Amino acid sequence: MRTPPDEQPVTPALSALVDLQRDAAKPRSATELDRGLATVRARVAADRSRRPILVRGVVLGLAMGLVALAAPRLWRAVRAPAATVAVQRIDGGALLDGGYLAQSGSGGVEVTFNEGTHFKLAAGTRGRLRELRRDGAALSIENGAASFQVTPDPSRRWSVEAGPFLITVKGTVFDVTWDPATERFDLTLRRGRVQVSGPVVGGGITLNAGQHLAVRLPLAETIITETANEQSAGPDDKPAGEAAPPPVNPGASTPGRVPAAKRPGPRAAAEPAAPSTPTAKQPDARGWQAWLAAGQWDRILRDAERAGIPATLEQASSEDLFALADVARYRHRAELARSALLAQRRRFPSSPRALDAIFLLGRVAEVGDGAARATALYDEYLARAPYGPYAGEALGRKMILSNEHGQPTQARTIARQYLLRFPSGSYAAAARALTREP
Amino acid sequence: MPNHLSHAPLALIVGGHPRNASDADLGLALIAGHDWALAETWRRFAPMVLRTADRVLGSRNEADDVAQEVFYQVFRRTSTLRDPSSLRSFIYSFVVRVLKTELRGRKRRRLLFFNPPPAEEMRDVAAADVESRELLYRFNVLLDRLSARDRLVFVLRRTESMTIQEIAATMDLSISTVKRSMAHASDRLDRWIAADPGLAAFVDSQRRAR
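Computed from a predicted structure; not experimentally measured.

Caption draft 1: Representation of the overall build of chain B. The number of helices and strands found in chain B is nine helices and zero strands. The N-to-C order of helical and strand elements in chain B reads α-α-α-α-α-α-α-α-α. Burial analysis of chain B (210 residues in total) assigns 41% to the buried set. For chain B, restricting intrachain contacts to residue pairs at least 6 apart in sequence, the fraction spanning at least 24 positions comes to 59%.

Following this line, the structure appears as structure tokens:
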């Protein structure tokens, strides 16, 4: 260890320990860094979607009143802190070194915690109890399917990793499947609310009870569908911000399909974000971004229809138009999504959203107008935003379309370009497969 | 012929790839609220922040939390960045502030909940072998007994190789206070290590093994 010149030397033992401490700090992997960035983005986005100061003041006043009312209960909670989370029982297997859950039979492994949380790994699933903290646990699914039933408690922190995806939960019931071979991720949320971050879902996506999220990484495709849920209330009936923090808004492409988020998300390292053109700070006049973040999609559609779609398209702010385009895609209303994106381009031509709209129009065109129109839009996006947040997506989609429409030579050329620019991007596996072909 | 002027607001446009942007350009872009600047700031500075937090806290998980908190605060407070070219120092000032809060919180939690078993979370140190991990765990237990200020000064000086002047500027302390804090931390650690025969023997055996 180098001794600072203006101090007395330390003992050899302390010196050895300091050296050890210094060398032990290992750098994070790209995935870990991406995950960290996604979390920060989600927090910043949640901040931005907050109400104006006056409203916040009123809310703060109400909150203080509630705190005053709840003070005795809070005091009791402080005096008697919640019990440390611990594993209470493991059925059908055992916990090995490193947290691995080994199955002893063919019925899967069930783990029950002392505060009531319960999860079950399906037979053949490889899973790990990665970390057990005082206030929760981190679990990971390396391959297979698992069901979770997490006891609601705002003071607890539970998270589940499935491949490159991170699910942040409070109190909820859900099933998750991760297949590394096909790089397919599925999450069915039965009760409560969860936030999912990872590649393709961008900075984070909030799911409400009764929704099913399917992500196919090779296609960079995310599909959200509604399923029957255990709660009678739908997403719109739930109070905003009930459990998970409001995340950044997920971006969808074709109806029901969601490509990477509008902001460069966890894949930003592989497909870098661009220096954008002037940022148009449009007021979020209708507050739709906040509703979008809270999963209140139908509320946005109802609001737009009440005001009249043509009037909305002419008067809504840039952010509101984008929110409208998002929910229109989620609800399979391609024409409305297209109209909102076109209005975005026409009314806010110099905003970054207008550039994003070009790419998203391309995704909409893949379903309606055909591959030629979609390719033209991707070309336009790549020409205008070569380092834009959707550059990798645009190049990847162009490659896929060329290959699917009888232009393998062109597809291979694009694949080589893609691999040069985005060697670890979502389409890298497809690009490698194409370049290997004769 | 009428002259049509764009009503688009002026904004910083960095030529080429974000990675080519200087710290000053990046600082300006952050202040202007550009989205790409957020990702680039994280890409450029998160490894430094994580490394420092790892070394100060001795826990990767806690370091992750601290790094996220640091950047969250940095992104919220970009308007207070007066000199964009000093973006690195700006971020480092948040690192020190958040680390100090974290260390104090750790002590407070221990006092409040009367659970002296020190930092179970410190078991997740990233050393290569079991012996080193054990050694580091025990060393972090000792570091945990220092005050937040002494610990920060000691780690910044010894493992981050910052100068006394840099530490004083970053932590908003006088140079004499930093020197005093450094000497205090070193003396106490030396004493505690000597008083822990297991640890001293461990260190000796490790040194012989190398």
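Caption draft 2: Highlighting the overall build of chain A. When you go through chain A residue by residue, the secondary structure sums to 13 helices and 15 strands. Residues counted as buried form 48% of the 438 residues belonging to chain A. Within chain A, counting contacts between residues at least 6 apart in sequence, those at least 24 apart form 55% of the total.

Caption draft 3: Representation of helix α2 (residues 35-57) of chain B. Residue and element names in this part refer to chain B. The end-to-end C-alpha distance of α2 is 30 Å, a good match for the 33 Å that 23 residues give at a rise of 1.5 Å each. The sharpest bend along α2 comes to roughly 45°, located at Phe45, with the proline Pro47 sitting one to four residues further on. Counting buried residues in α2 gives 18 out of 23 residues, a clear majority hidden from the surface. Backbone geometry just downstream of α2 places Gly58 in the positive-phi region, at approximately 70°.

Caption draft 4: Highlighting unusual backbone geometry. Residue and element names in this part refer to chain B. We note that Ser161 has phi near 55°; this positive angle belongs to a residue other than glycine. Structurally, Ser161 is set in the loop between α6 (148-158) and α7 (164-171). When the 12 C-beta atoms within 10 Å are taken as the criterion, Ser161 is described as exposed.

Caption draft 5: Structural detail: the environment of Arg55 of chain B. Along the chain, Arg55 of chain B turns up in helix α2. As a C-alpha pair, Arg55 of chain B and Asn140 of chain B span 85 residues in sequence and 9.5 Å in three-dimensional space. Once residues lying within four places of it in the same chain are set aside, the contact partners of Arg55 of chain B are Gln21, Arg22 and Ala25 of chain A together with Val155, Thr159 and Glu160 of chain B.

Caption draft 6: Inspection of the packing of helix α9 (residues 352-367) of chain A against helix α10 (residues 371-384) of chain A at higher detail. Residue and element names in this part refer to chain A. Interaxial distance between α9 and α10 falls to 8 Å at its minimum, and their mutual angle equals 165°. When the axis of α9 is compared with that of α10, the two are roughly antiparallel. Crossing of α9 against α10: the hand is left-handed. On α10, the residues that touch Leu355, Ile358, Phe359, Leu361, Gly362, Ala365 and Glu366 of α9 are Ala371, Arg373, Ala374, Leu377, Tyr378, Glu380, Tyr381 and Arg384. Looking at the contact of α9 with α10, its residues break down into ten nonpolar, one polar and four charged.

Caption draft 7: Quick look at the nonpolar core. Residue and element names in this part refer to chain A. Counting 89 residues, the largest nonpolar core has Ile167, Val176, Leu324 and Met399 as its most contacted members. If you count residues domain by domain, this core takes at least three from each of domain 1 (87-247) and domain 2 (288-436). In contact with Val176, other than residues within four places in its own chain, are Ile141, Ala145, Ala146, Val160, Ala162, Ile167, Asp186 and Leu187.

Caption draft 8: α7 of chain B, seen in detail. Residue and element names in this part refer to chain B. Buried within α7 are the following residues: Ile164, Ile167 and Met171. Angular distribution of buried residues about the axis of α7 spans 65°; they occupy a single face of the element. Positive phi appears at Asp172, one or two residues downstream of α7, with a value of about 60°.

Caption draft 9: Layout of the packing of helix α12 (residues 408-421) of chain A against helix α13 (residues 428-436) of chain A. Residue and element names in this part refer to chain A. Relative orientation of the contacting elements α12 and α13 amounts to 130°, with a least axis distance of 8 Å. Judged by the angle between their axes, α12 and α13 are oblique. Read as a crossing pair, α12 and α13 show a hand that is left-handed. Along its contact with α12, which presents Ala411, Arg412, Ala415, Arg416, Tyr418 and Leu419, the element α13 presents Ala428, Ala431, Arg432, Leu434 and Thr435. Of the residues assigned to the contact of α12 with α13, the class counts are seven nonpolar, one polar and three charged.

Caption draft 10: Examining the confidence of the model for chain A more closely. All names here are of chain A. Residue-level pLDDT values for chain A average 74, and 76% of them are 70 or greater. Confidence, read as mean pLDDT per element, is least for helix α3 (residues 53-79) in chain A (69) and greatest for helix α6 (residues 309-315) (91). When the criterion is pLDDT under 50, residues 1-5 qualifies, and its contacts beyond four places in sequence or with other chains add up to six contacts. Low pLDDT, under 50, characterises residues 229-283; the stretch is placed with 220 contacts to residues that sit more than four places away or in other chains.

Caption draft 11: Expanded view of the confidence of the model for chain B. Residues and elements named next belong to chain B. When pLDDT is averaged across chain B, the result is 78; 77% of the residues are at 70 or more. Per-element confidence in chain B is highest for α6, whose mean pLDDT is 91, and lowest for helix α9 (residues 197-209), whose mean pLDDT is 67. Scored below 50 in pLDDT, residues 1-15 makes 20 contacts in the model with residues more than four places away or belonging to other chains. Here the prediction assigns the complex a pTM of 0.41, and the interface score ipTM is 0.79.

Caption draft 12: Highlighting the pairing of strand β10 (residues 172-179) of chain A. All names here are of chain A. Where strand β7 (residues 136-150) meets β10, seven bridges bridge the pair, whose relative direction is antiparallel. Paired with Gln149 across the bridge in β10 is Val173. Sheet topology places β10 next to strand β11 (residues 184-191); seven bridges connect them, and they run antiparallel. Residue pairing for β11: Thr177 is matched across the bridge by Asp186.

Reading guide: rules and limits
- Residues numbered from 1 in each chain as written.
- Chains lettered and ligands numbered in written order.
- Predicted model: local features only at pLDDT ≥ 70, side-chain atom pairs only at ≥ 80, totals over all residues.
- Helix = DSSP H or I, 4+ residues; strand = E, 2+ residues; numbered from the N terminus.
- Buried ≥ 20, exposed ≤ 12 C-beta atoms within 10 Å, placed from the backbone.
- Contact = placed C-beta atoms within 7 Å.
- Expected span 1.5 Å × (residues − 1).
- Bend = angle between axes of the 7 residues up to and from the residue.
- Axes fitted to C-alpha atoms, helices over the stretch in contact; angles between N-to-C directions.
- Parallel < 35°, antiparallel > 145°, perpendicular 65-115°, else oblique.
- Left-handed = near helix turned anticlockwise from the far one by under 90°.
- Nonpolar A, V, L, I, M, F, W, Y, C, P; charged D, E, K, R; others polar.
- Core = buried A, V, L, I, M, F, W, Y, C linked by C-beta atoms within 7 Å.
- Domains from an automatic or database assignment.
- Arc of directions from axis to C-beta.
- pLDDT = per-residue confidence, 0-100.
- Pairing = 2+ DSSP bridges.

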